[in-house]
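# Structural description and commentary
For reference, the chains in residue letters:
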Amino acid sequence: ALGSENRELKQSLVKAGFSSSDINRHPDVVAKVKALQDLKTSLSEDDPGRDEAFFARQRAEKEARVRSEKALAKDQQRELQAAEAKAPRPLVQRKIFHLFEYTGSGPSFHYEPPPRLNAAQCGFGM
């Protein structure tokens, strides 16, 4: 109830034209924030309403979410690998068409200087 009162007070101050720094320094807002902090410090150590418990729950939920996302990604990766393993592989060799003229193959491969388009294979320069 005190938190909602504080939010309502802040909204009314915003409507009145106060800046956010003026709102945070307003005496009524400061008093309500102080009262909220006093209430929080009066909570017992194992109360789920304490900040420590709240942040611990947030961390645990985030870690669980990250674990589930990683597990999902791993499952999807396994499904993809299984589908790739089942897919037929072509039995043809792929030919590479070089844009520039070249000589040799394997270790002796090199492009011929000066750079000229390889019109015979790629159709550029015709």
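The structure displayed is predicted, hence computed values, not measured ones.

Take the pattern of salt bridges next. When the charged atoms of two side chains with opposite charge come close together, those side chains can pair. Summed over all chains, the structure comprises 6 salt bridges. Two residues, Asp75 and Arg78, come together in a salt bridge whose shortest N-O distance is 2.8 Å. Of this pair, Asp75 and Arg78 are both found in helix α4 (residues 51–86), 3 residues apart, which corresponds to roughly one turn of the helix. Taking the relative accessible area as the measure of exposure, Asp75 reaches 34% and is therefore partly exposed. Residue Arg116 pairs with Glu101 through a salt bridge whose shortest N-O separation is 3.0 Å. Of this pair, Arg116 sits in the loop between β2 (110–111) and α5 (119–122) while Glu101 sits in the loop between α4 and β1 (102–103), and the two are 15 residues apart along the sequence. The network of salt bridges with shared partners includes Glu101, Glu112 and Arg116.

Looking now at unusual backbone geometry. Omega for the bond connecting Pro113 with Pro114 falls within 30 degrees of zero, at -20°, which places this linkage in the cis form. With respect to the helices, strands and loops of the structure, Pro114 is situated in the loop between β2 and α5.

Taken as a whole, the protein chain shows an average pLDDT of 85; of its residues, 92% reach a score of 70 or greater. Looking over the protein chain, one finds the lowest element-wise mean pLDDT in α5, namely 78, and the highest in α4, namely 93.

In total, this model carries 4 aromatic pairs according to the counting rule given. Measuring from ring centre to ring centre gives 5.3 Å for Tyr102 and Phe109, while their planes differ by 35°; the resulting arrangement is tilted. Residue class for Tyr102 comes out partly exposed when judged on its relative accessible area of 26%. Chaining the aromatic ring pairs together yields one cluster made of Phe100, Tyr102, Phe109 and Tyr111.

A word on the side chain of Asn118. In this structure, Asn118 sits in the loop between β2 and α5. Leaving out residues up to four positions away in the same chain, Asn118 has contacts with His98, Leu99, Phe100, Glu101, Tyr102 and Gly123.

All right, on to the environment of Leu2 then. Within the element layout of this structure, Leu2 appears in helix α1 (residues 2–15). In this structure Leu2 comes out as partly exposed when scored by relative accessible area, which is 22%. For Leu2 and Val66, which are 64 residues apart along the polypeptide, the C-alpha to C-alpha distance reads 34 Å. In contact with Leu2, not counting residues within four places along its chain, are Lys32, Ala35, Leu36 and Leu39.

Here the focus is the packing of α1 against helix α3 (residues 27–41). Where α1 contacts α3, the two axes come as close as 10 Å, and the packing angle between them is 160°. When the interaxial angle is binned, α1 and α3 end up roughly antiparallel. Two packed elements cross with a definite hand, and for α1 against α3 that hand is left-handed. On the side of α1, the interface is formed by Leu2, Gly3, Glu5, Asn6, Leu9, Lys10 and Leu13, while α3 contributes Asp28, Val29, Lys32, Val33, Ala35, Leu36 and Leu39. Considered class by class, the residues forming the contact of α1 with α3 number 8 nonpolar, 2 polar and 4 charged.

Reading the values: rules and limits
Residues numbered from 1 in each chain as written. Predicted model: local features only at pLDDT ≥ 70, side-chain atom pairs only at ≥ 80, totals over all residues. Heavy atoms only, no water. Salt bridge = Lys/Arg side-chain N within 4 Å of Asp/Glu carboxyl O. Helix = DSSP H or I, 4+ residues; strand = E, 2+ residues; numbered from the N terminus. Buried < 20%, exposed > 50% of the residue type's maximum accessible area, 1.4 Å probe, protein only. pLDDT = per-residue confidence, 0-100. Phe/Tyr/Trp six-rings, centres within 6.5 Å; stacked < 30°, edge-to-face > 60°. Contact = heavy atoms within 4.5 Å. Axes fitted to C-alpha atoms, helices over the stretch in contact; angles between N-to-C directions. Parallel < 35°, antiparallel > 145°, perpendicular 65-115°, else oblique. Left-handed = near helix turned anticlockwise from the far one by under 90°. Nonpolar A, V, L, I, M, F, W, Y, C, P; charged D, E, K, R; others polar.

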